[in-house]
Amino acid sequence: MARVFPEGFEALEPFADWAIPTEKARYTKRITSTMDELDAFYDVAFPLLKTGTARLESISMEDISEPDKRLLWLFCSLVTVAFSVEAWRQPRVPDSGASSIDAIVEPAV
């Protein structure tokens, strides 16, 4: 079976659906997820962030592999859910009504 993420990040495999390439889609997944789902993702991904960041910083974006690209997108999702888990304890921004994110330009990865 092919790995979704690079070797050493096998613990993230159950969260492969968080490897989302666009900010708008990451935001949508966050607000449509339960806190139990956000907590489960955060609890596995956050401890791997330092190692993952070091790995990604050592890779040229021109030569990035598909597993490393998915790892990058997954950590972008982690950033998207962090405040929900660490501060708000809910998927939506408190007292924000019907909020959304409209990225004008996405990174080319």
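Conventions we followed
Residues numbered from 1 in each chain as written. Predicted model: local features only at pLDDT ≥ 70, side-chain atom pairs only at ≥ 80, totals over all residues. Heavy atoms only, no water. pLDDT = per-residue confidence, 0-100. Helix = DSSP H or I, 4+ residues; strand = E, 2+ residues; numbered from the N terminus. Expected span 1.5 Å × (residues − 1). Bend = angle between axes of the 7 residues up to and from the residue. Axes fitted to C-alpha atoms, helices over the stretch in contact; angles between N-to-C directions. Parallel < 35°, antiparallel > 145°, perpendicular 65-115°, else oblique. Left-handed = near helix turned anticlockwise from the far one by under 90°. Contact = heavy atoms within 4.5 Å. Nonpolar A, V, L, I, M, F, W, Y, C, P; charged D, E, K, R; others polar.

Caption draft 1: Representation of the confidence of the model for the chain. Averaged over every residue, the pLDDT of the chain is 92; the share at 70 or more is 93%. Mean pLDDT across the secondary structure elements of the chain bottoms out at helix 1 (residues 23-31), with 94, and peaks at helix 2 (residues 35-45), with 98.

Caption draft 2: Seen up close, helix 4 (residues 66-88). If you check helix 4, its first and last C-alpha atoms are 33 Å apart, about what 23 residues at 1.5 Å a residue would give, namely 33 Å. When the local axis directions of helix 4 are compared, the greatest deviation, roughly 40°, occurs at Val-81.

Caption draft 3: Here's a closer look at the packing of helix 1 against helix 4. It is the contact of helix 1 with helix 4, at a shortest axis distance of 10 Å, that shows an interaxial angle of 40°. One finds that helix 1 runs oblique with respect to helix 4. Between helix 1 and helix 4 lies a crossing of right-handed hand. For the pair helix 1 and helix 4, the contacting residues are Glu-23, Arg-26, Tyr-27 and Arg-30 in the first and Trp-73, Cys-76, Ser-77, Thr-80, Val-81, Ser-84 and Trp-88 in the second. Looking at the contact of helix 1 with helix 4 residue by residue, the class counts come to five nonpolar, three polar and three charged.

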